[in-house]
Amino acid sequence: ESAVEEEDGYILIISFCLIIAATFIGYCYETFDLFHKIEKYFPHASANMIFGFIVGLALSLTGTLTKVFAFDPEFFFIYLLPPIIFSAGYNL
């Protein structure tokens, strides 16, 4: 269990650092004049997509992508599917 907890801790630290990096990029786009000039040719959405591609590539190359994002049918059917069905029925 100790190795699993240690790996989960690393995943949490990496996730937190990625959130901080994405927030910093957004802050730079809003604050600095250089980013306002770049924004004409490279908008926020494009920067977020490139950031996502880089993060996905890094997770894929290290092998943590398959460990962290494994599909669990029990979690899906018990916790995710009922709110989706309720929302779909409510919005009819």
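Residues numbered from 1 in each chain as written. Predicted model: local features only at pLDDT ≥ 70, side-chain atom pairs only at ≥ 80, totals over all residues. Heavy atoms only, no water.

Enquirer: Can you walk me through the overall build of the chain in this structure?
Expert: A tally of regular secondary structure across the chain gives five helices and zero strands. When the helices and strands of the chain are placed in sequence order, the string is α-α-α-α-α. Here the chain has a C-alpha radius of gyration of 18 Å; the compact-globule value for 92 residues is 12 Å, and the former is much larger. Overall size of the chain, expressed as C-alpha extent along the three principal axes, is 50 × 50 × 20 Å. Within the chain, buried positions represent 5% of all 92 residues. (Helix = DSSP H or I, 4+ residues; strand = E, 2+ residues; numbered from the N terminus. Rg over C-alpha atoms; globule rule 2.2 N^0.38 Å. Buried < 20%, exposed > 50% of the residue type's maximum accessible area, 1.4 Å probe, protein only.)

Enquirer: Explanation requested: the packing of aromatic side chains in the structure shown.
Expert: Two aromatic rings, taken as a pair, are described by how far apart their centres are and by the angle between their planes. Applying the stated criterion across every chain, the model contains four aromatic pairs. With centroids separated by 6.2 Å and ring planes inclined at 85°, the aromatic side chains of Tyr27 and Phe32 adopt a geometry described as edge-to-face. We classify Phe32 as partly exposed; its relative accessible area is 40%. When the ring of Phe76 is compared with that of Phe77, the centres are 5.2 Å apart and the planes differ by 75°; the resulting orientation is edge-to-face. (Phe/Tyr/Trp six-rings, centres within 6.5 Å; stacked < 30°, edge-to-face > 60°.)

Enquirer: What am I meant to see in helix α5 (residues 73–90) here?
Expert: Helical periodicity: at 3.6 residues per turn, an α-helix aligns residues three or four positions apart in one direction. Taking 1.5 Å as the rise per residue, α5 with 18 residues should run 26 Å; its terminal C-alpha atoms sit 24 Å apart, in good agreement. In α5, a bend of some 40° at Leu81 exceeds every other bend along the element, and Pro82, a proline, comes one to four places later. (Expected span 1.5 Å × (residues − 1). Bend = angle between axes of the 7 residues up to and from the residue.)

Enquirer: So what exactly am I meant to see when it comes to a nonpolar patch on the surface here?
Expert: Taken together, the side chains of Leu34, Ile38, Tyr41, Phe42, Met49, Ile50, Phe53 and Ile54 make up a nonpolar region of the molecular surface, amounting to roughly 870 Å² of accessible area. In terms of residue count, helix α3 (residues 44–62) provides more of the nonpolar patch than any other element does, four residues in total. Among the structural elements, Phe53 can be located in helix α3. (Patch = residues over 30% accessible without salt bridge, like charges linked within 9 Å, V, L, I, M, F, W, Y side chains within 5 Å. Areas by Shrake-Rupley, 256 points an atom, 1.4 Å probe, with all protein chains shown as cover. Salt bridge = Lys/Arg side-chain N within 4 Å of Asp/Glu carboxyl O.)

Shape descriptors only; they carry no functional weight alone.
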